[in-house]
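# An overview of the molecular structure
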Amino acid sequence: MERRRFLTGASAVTAGVVAAAAPGSPGLATPGIRRVETGLDVLVRSGFAELADQRVGVISNPTGVDSAYRHLVDLMHDSGEVRIAAAFGPEHGFRGSAQAGGSEGTGIDARTGITVYDAYGASQAKWESMFAEAAVDTVVFDIQDVGARFYTYIWTMYTSMAAAARTGKRYVVLDRPNPIGGRARGPMMTPGYTSGVGLKEIVQQHGMTVGELARFFNATFLPAEVGGPVDLHVVQCRHWKRDALAADTDLPWVMPSPNMPTPDTALVYPGTGLFEGVASITEGRGTCRPFELIGGLADDFDYHWSDRLNARDLPGVEFREAYFTPTSAGQKPALLNKLCAGVEVKVVDRAVYDPIRTAVAMLVEAHRYPAFAWRQDSWDTARPYWIDKLTGSPRLRTMIDAGADVDDVVGAWADELAAFERARRPHLLY
């Protein structure tokens, strides 16, 4: 296996944001803000008891930090209480330096000397091979999810859980709050449209923590896929409630990926992430407001888009006419460094805002422009439309193409959403 030596340790990733930690630091209270402990905080306070006498493999990225921005790998290493066999980096890498669809490669961590494996997109067989090479007894997962089915970290968790089940490893999830709360929304993934942005049948905004998802996966999918569940242990958060958003807690925010800079981004992402499936419209990558700034070439889109959306009086949201230049192309090089016109999504009432319904309205109104075009990928001729993989089926795309309005599109998934809510209920922890 080719390895290169990394120049920075895990703690160096967060060094630049330590100065911003004061509002959420231990001992400082803000009125109306709930004090919350993550699974990592609970594990550290226990003296890492859950991991005693185990060789541990850690799946994490820069979000795996405590309330003082100390990374769990550094905490484990410095404690002398944990034998760390290896670390594994998901999409964007262990340190989060890679853009969408990228990783950092395999190498040696400068601070701890442990091997960091490139695990982005790893198959179950590759996970099994990495676990064997590192001689792992227990796998620990600690990554901040943002609550959307097409955010790939939960599928890194699922595939590694399957590999751990097949190879008899323990699997420990250090739970973290869902930053956009516990409500489920949106359409269900269907088997014919599974991919790396949706491996299994869950809804688009699942409304679960990673610990709850792990319990759901373990009971619902792993028995059929690998013959039985994994030996799963969830270290639960303390003091988090399902109705709490990131802004309601004192937990620090570390970017889970390069274009997820703030909790506000996470709030809109389950909806505006759908614009990754539109070839002629950018989701604002490379701006200071990715997924809040949405637009296409200024020659093709204009102020009518924001006017029409504001006229709909959608709950909890307003739209500002916006002009911007994306400096990261994603899969849309024609829009890179070009002046784009569109909207800025302004959430004005988090309690009633529905990101997926809002995005459907945005798509319906954008579809009125002649330049609107769904993204098609030549590498998947059987399922060329990326929007179908994001939404879980061709239904949203074909309904909008046929002229359906927002209520019809959203109403089409009401029954499957209700069924998912019933299915997930036994696995909820909070």
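Below is a short write-up of the structure. Just so it is clear, the model here is predicted, and its values are computed rather than measured.

Let us now look at the sheet that holds strand β11 (residues 293–297). Two pairing modes exist for strands in a sheet, parallel and antiparallel, and in both the strands are linked by backbone hydrogen bonds. Strand order in the open sheet formed by 3 strands is β11-β13-β12, and the pairing between neighbours is antiparallel. Each end of this open sheet is capped by a strand with a single partner; those strands are β11 and β12 (317–324). Sheet twist, expressed as the average angle between the axes of neighbouring strands with direction ignored, equals 20°. Examined bridge by bridge, β11 and strand β13 (residues 340–347) share 5 bridges and lie antiparallel to one another. Residue pairing for β13: Leu-297 is matched across the bridge by Cys-340.

Tallied over the full model, the rule gives 21 aromatic pairs. With 6.5 Å between their ring centres and 70° between their planes, Trp-155 and Tyr-158 make a pair best called edge-to-face. Of this pair, Trp-155 and Tyr-158 both sit in helix α5 (residues 153–167), separated by 3 residues, roughly a single helical turn. Ring centres of Phe-275 and Trp-305 lie 6.2 Å apart, and the angle between their planes is 55°; on these two criteria the pair is classed as tilted. Of this pair, Phe-275 sits in the loop between α8 (263–272) and β11 while Trp-305 is found in helix α9 (residues 304–311), placing the two residues 30 residues apart along the sequence. Using a relative accessible area of 0% as the deciding quantity, one classes Trp-305 as buried. Among the aromatic residues, those joined into a cluster by ring pairs are Trp-155, Tyr-158, Phe-216, Phe-217, Phe-221 and Phe-420. For the cation-ring pair, Arg-308 lies above Tyr-369, with the distance from its terminal atom to the ring centre recorded as 5.7 Å.

Applying the stated rule across the entire model yields 4 cavities of 30 Å³ or more. A volume near 50 Å³ is recorded for the largest cavity. Lining the largest cavity we find Pro-179, Ile-180, Leu-245, Ala-246, Ala-247, Pro-263, Asp-264, Leu-267 and Arg-350. Residues that form the lining of the largest cavity fall into these classes: 7 nonpolar, no polar and 2 charged.

Next up on the list: the nonpolar core. In terms of nonpolar packing, the biggest core is built from 92 residues, with Phe-88, Met-157, Tyr-171, Phe-217 and Trp-305 touching the most fellow members. With 9 residues, α5 is the largest single contributor of residues to this core. Apart from residues no more than four positions distant in its own chain, Trp-305 is found in contact with Phe-275, Ile-281, Ile-294, Gly-295, Gly-342, Val-343, Met-362, Glu-365, Ala-366 and Tyr-369. Among the nonpolar cores identified, the runner-up in size contains 21 residues, and Phe-48, Leu-51, Val-58 and Val-140 belong to it.

The subject of this paragraph is the packing of α9 against helix α10 (residues 355–366). Relative orientation of the contacting elements α9 and α10 amounts to 135°, with a least axis distance of 10 Å. The angle between α9 and α10 places the two elements in the oblique class. Considering how the two elements wind past one another, α9 and α10 form a crossing that is right-handed. Counted together, Trp-305, Arg-308 and Leu-309 of α9 and Ala-361, Met-362, Glu-365 and Ala-366 of α10 form the full contact between these two elements. Of the residues that constitute the contact of α9 with α10, the class distribution is 5 nonpolar, no polar and 2 charged.

Here we come to the environment of Glu-128. Counting through the fold element by element, Glu-128 comes out in helix α4 (residues 124–134). The contacts of Glu-128, once residues within four sequence positions are left out, are Ala-163, Arg-166 and Thr-167.

Attention now goes to the environment of Ala-165. By the secondary structure assignment, Ala-165 is in helix α5. Separated by 126 residues in sequence, Ala-165 and Phe-291 have C-alpha atoms that sit 36 Å apart. Apart from residues lying up to four places away in sequence, Ala-165 is in contact with Val-226, Gly-228, Pro-229 and Val-230.

Cut-offs applied
- Residues numbered from 1 in each chain as written.
- Predicted model: local features only at pLDDT ≥ 70, side-chain atom pairs only at ≥ 80, totals over all residues.
- Heavy atoms only, no water.
- Pairing = 2+ DSSP bridges.
- Helix = DSSP H or I, 4+ residues; strand = E, 2+ residues; numbered from the N terminus.
- Axes fitted to C-alpha atoms, helices over the stretch in contact; angles between N-to-C directions.
- Phe/Tyr/Trp six-rings, centres within 6.5 Å; stacked < 30°, edge-to-face > 60°.
- Buried < 20%, exposed > 50% of the residue type's maximum accessible area, 1.4 Å probe, protein only.
- Lys NZ or Arg CZ within 6 Å of the ring centre and 35° of its normal.
- 1 Å grid on protein atoms, 1.4 Å probe; cavity = no way out; pocket = protein on both sides within 12 Å on 5 of 7 lines; lining within 4 Å.
- Points joined across faces, edges and corners; volume = space filled by probe spheres on them.
- Nonpolar A, V, L, I, M, F, W, Y, C, P; charged D, E, K, R; others polar.
- Core = buried A, V, L, I, M, F, W, Y, C linked by side-chain atoms within 4.5 Å.
- Contact = heavy atoms within 4.5 Å.
- Parallel < 35°, antiparallel > 145°, perpendicular 65-115°, else oblique.
- Left-handed = near helix turned anticlockwise from the far one by under 90°.

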